[in-house]
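# Observations on the model geometry
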Amino acid sequence: MAERVEQRVEDRVPELEQLERVGLFTREEIRAILRKVSALEYKIQRRALRKEDFVNYIQYEINLLELIRKRRARIGYSFKKDEIEFSMLHRVHSLFKRATGKWKDDVQLWLSHVAFCKQWNTKNQLSKVFSSMLAIHPNKPALWIMAAKWEMETRLSSESARHLFLRALRFHPECPKLYQEYFRMELMNAEKQRKEKKEFERAKMDLGQFSYSEEILNGEMARIIYRDAAQKIKGAEFHLAVLSIAKLFDFTQDLQKEILESLQTKFADDPLTWEYLARRELELGSLQSTEHSTKQKKVSEMTQREERCCAVFEEAVGAVPTEAMWKCYITFCLERYNRKTNSAELKQKRLERTLSVFDKAHKSSLLPEALYKQWLQLLLEFNLSEKAVEVAEAASKRFSLSVEAWQMRLQVLIQLKRDDVTQCFEEAIKHMKSKGTLPLWTLWVEWSEGTNSKEDTEALYQRSLHATTPAESVTMKEKYLDWTYRNCGYKKVKKVFTSLCENRPFSIDFFRRMIQIEKEQESCKMLHLREYYERALREFGSTDSDLWVDYIKEELSHPQGKPENCGNIHWRAMKMLQGDLVEDFVSKHTLLQTGHL
């Protein structure tokens, strides 16, 4: 191994001498490079190879290349590149080749090699990298697309790009993204050829020597791809994606018309189709509007366009009466309402339209639960309190087993300071039973803290402990402890802590909060701290190394602490902690002993 390393380091000497000779590096720097390279070479010649050693070596070489590039620019020296950079580039490619050969499944390693080739413009090498990568990872469409795009956009080879897409589709015959990018590539190729032909015609050159296929020029290749894909890929989403691509090219009117007709025929009951048709009315209007229109005229035109959109949406919810369709309609209305406008009249019309559509969807029992929240926000924003209460109540009845629906209703009642908040909480808890009610209990006690007496709030906390599931009661115990300390003081919180400790489960934060409360007292007693730590360790001693370290730290730092107890605590920790936590505890304890923790 040593001989091989020495030989590889010696092979570098001529290029390093050149670097010194032309003044890019000093002799000391060359020696430092040789030392570093020797160390890196030894690591990649071992029997047990590690990926990070190759990555570090490659990164070092890339950094060195960048440094050479900067120094060349600084001193204005551009000669001897073949003797210096060429051999370094070759070495990096060799390192990448070895690494990707050893760790074939690491896509990131392949992509790093691709990025390096692009950065240093090694086109021939990049073709080979793509070829090798795709042979090993043919199951990743994104890699095929990347390779094809590079062939088309950098090497300007539509033939190679087409070949790659066709190969990719043999592996992924139903991949929408592949078809979309292949479709785009063919249209880009058609546009490029159309521009070339136009330039030649403008220069009055003889086109006889150039073969421009009318089919390619008119986008027929893209049409063939679309028709093939349409037979294999279901759903309106794909058709809309290729339609949006076709609209980027000004010679595809016939193709756009075909896609749109297919969309309307095959997916007449798909909300996405109707949404596209409705939103298209906005675009059609914007094409017809003139730049020199007055402000009032522009507002009028915008109002008309939006009304045309809504007319299509109204037809849509009649033809496809589903939650998804209403969601598309409402989302459109909210988008328009949230758009900035200086016209108060237009803003008001948008608000009225949005509220009206919300109401229609609700009366049809097709308003999705998630959208009720946005409706309520609008109603409260414009002080439509009674309507908000009515809507919130209707939502909680329709989604009676949804915590979110009850939360919305309760938040509305609390915000409006209604008298029936408690009654509504009782109703919500009755419907929801115990599972998943933690958000309701949290909201209830928080409201009670600011509204009811301490006695009522405490009774509510105690009731919540029995009404929630054991896992959810953990959070309520933490909140109860904290509220008691804030409102009733230290003596009361000690009693509450002791009573709560009789019922598992607990969280580590429950005990840590009590420890913190004790430490905040002027007469903080170590006896009490020990009790709290011991209780916590009974529950979490096998899974929390920090708890043991903090206990030892307390014995060492507290005026009433007993440092002689630390040995026993350490021994207990070593017995109780599981797996890697023992090592974690030992390292932290060592830091504590040396004063670094």
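Because the structure is a prediction, the values reported are computed rather than measured.

In this section: the overall build of the protein. Regarding its fold elements, the protein presents 30 helices and zero strands. Here the C-alpha atoms of the protein give a radius of gyration of 36 Å, more than 25% beyond the 25 Å that 2.2 N^0.38 yields for 597 residues. Referenced to the eigenvectors of the C-alpha coordinate spread, the extents of the protein come out at roughly 100 × 80 × 45 Å. The proportion of buried residues among the 597 residues of the protein is 46%. Pairs at least 24 apart in sequence give 60% of the contacts found in the protein among residues at least 6 apart. Counting only carbon and sulfur atoms, one obtains 51% of the accessible surface of the protein, whose full area is about 32500 Å².

Let us look at the environment of Ser-448. For Ser-448, the location among the structural elements is in helix α22 (residues 438-451). A sequence separation of 151 residues divides Ser-448 from Lys-297, and the C-alpha atoms of the two residues are 54 Å apart. Residue contacts for Ser-448: discarding those within four places in its chain leaves Asp-456, Thr-457 and Leu-460.

What follows is about unusual backbone geometry. Cis peptide bonds are those with omega within 30 degrees of zero, and the linkage from Arg-504 to Pro-505 qualifies with 0°. Phi angles above zero are rare outside glycine, and Leu-156 is one such case at about 55°. For Leu-156, the position within the fold is in the loop between α7 (141-153) and α8 (158-171).

Right, let's talk about the packing of aromatic side chains for a bit. A complete count under the given rule lists 26 aromatic pairs for this structure. With 5.3 Å between their ring centres and 40° between their planes, Phe-313 and Phe-332 make a pair best called tilted. Taken together, the residues span a long stretch of sequence, with Phe-313 in helix α15 (residues 295-319) and Phe-332 in helix α16 (residues 323-338) at a distance of 19 residues. This pair shows no difference in class: Phe-313 is buried, exactly as Phe-332 is.

On to the packing of helix α9 (residues 176-202) against helix α11 (residues 220-232). Interaxial distance between α9 and α11 falls to 8 Å at its minimum, and their mutual angle equals 165°. Put simply, α9 runs roughly antiparallel to α11. Between α9 and α11 the crossing geometry is left-handed. Where α9 abuts α11, its residues Tyr-179, Tyr-182, Phe-183, Glu-186 and Leu-187 lie against Met-221, Ala-222, Ile-225, Tyr-226, Asp-228, Ala-229 and Lys-232.

On to the pattern of salt bridges. Enumeration according to the criterion identifies 56 salt bridges in this entry. Residue Lys-232 is joined to Asp-228 by a salt bridge in which the shortest nitrogen-to-oxygen separation is 3.5 Å. Separated by four residues within a single helix, Lys-232 and Asp-228 lie in helix α11, roughly one turn from each other. Among the ionic pairs, Arg-336 bridges to Glu-306, the shortest N-O distance being 2.9 Å. Placement of the pair is Arg-336 in helix α16 and Glu-306 in helix α15, with a sequence separation of 30 residues. With a relative accessible area of 0%, Glu-306 lands in the buried category.

The next thing to look at is the packing of helix α20 (residues 403-415) against helix α21 (residues 421-432). To characterise two packed helices, one gives the angle between the axes of the helices and the distance between these axes. Contact geometry for α20 and α21: axes closest at 10 Å, N-to-C directions at 175°. When the axis of α20 is compared with that of α21, the two are roughly antiparallel. In this structure, α20 contributes Val-403, Trp-406, Arg-409, Leu-410, Leu-413 and Ile-414 to the contact, and α21 contributes Val-421, Cys-424, Phe-425, Glu-427, Ala-428, His-431 and Met-432. Split into classes, the residues belonging to the contact of α20 with α21 amount to ten nonpolar, one polar and two charged.

Another aspect to go through is the UniProt feature "domain: U3 small nucleolar RNA-associated protein 6 N-terminal" (unreviewed entry) in the protein. Sequence positions flagged by UniProt for "domain: U3 small nucleolar RNA-associated protein 6 N-terminal" (unreviewed entry) are, in local numbering, residues 9-90. With 80% helix and 0% strand, residues 9-90 has its two end C-alpha atoms placed 15 Å apart.

Among the secondary structure elements, Phe-585 is positioned in helix α30 (residues 581-593). Taking the C-alpha atoms as reference points, Phe-585 and Val-549, separated by 36 residues in sequence, lie 7.1 Å from one another. Those residues in contact with Phe-585 that lie beyond four places of it in its chain are Ser-545, Trp-548, Val-549, Ile-552, His-570, Ala-573, Met-574 and Leu-577.

So, on to helix α27 (residues 526-540). At 3.6 residues per turn, the α-helix brings residues three or four places apart onto the same side. Over its 15 residues, α27 runs 20 Å from end to end, which matches the ideal 21 Å to within 8%, given 1.5 Å per residue. Residues Met-526, His-528, Leu-529, Arg-530, Tyr-532, Tyr-533, Ala-536, Leu-537 and Phe-540 constitute the buried set of α27.

Our next topic: helix α5 (residues 107-119). Look at α5: 18 Å from first C-alpha to last across 13 residues, which is about the 18 Å you get at 1.5 Å a residue. Of all the positions in α5, only Val-107, Leu-109, Trp-110, His-113, Val-114, Phe-116 and Cys-117 are classed as buried. Elements that come into contact with the buried residues of α5 comprise α3 (51-75), α4 (81-102), α6 (123-136) and α7. Of the residues that open α5, the one with a side-chain oxygen 3.1 Å from the backbone nitrogen of Gln-108 is Asp-106. Within two residues after α5, Asn-121 carries a phi angle of roughly 55°, on the positive side.

About the thresholds
- Residues numbered from 1 in each chain as written.
- Predicted model: local features only at pLDDT ≥ 70, side-chain atom pairs only at ≥ 80, totals over all residues.
- Heavy atoms only, no water.
- Helix = DSSP H or I, 4+ residues; strand = E, 2+ residues; numbered from the N terminus.
- Rg over C-alpha atoms; globule rule 2.2 N^0.38 Å.
- Buried < 20%, exposed > 50% of the residue type's maximum accessible area, 1.4 Å probe, protein only.
- Contact = heavy atoms within 4.5 Å.
- Areas by Shrake-Rupley, 256 points an atom, 1.4 Å probe, with all protein chains shown as cover.
- Phe/Tyr/Trp six-rings, centres within 6.5 Å; stacked < 30°, edge-to-face > 60°.
- Axes fitted to C-alpha atoms, helices over the stretch in contact; angles between N-to-C directions.
- Parallel < 35°, antiparallel > 145°, perpendicular 65-115°, else oblique.
- Left-handed = near helix turned anticlockwise from the far one by under 90°.
- Salt bridge = Lys/Arg side-chain N within 4 Å of Asp/Glu carboxyl O.
- Nonpolar A, V, L, I, M, F, W, Y, C, P; charged D, E, K, R; others polar.
- UniProt positions renumbered as here; feature names shortened; annotations may be inferred.
- Expected span 1.5 Å × (residues − 1).
- Polar contact = N/O pair within 3.5 Å; in protein donor to acceptor, adjacent residues only side chain to side chain.

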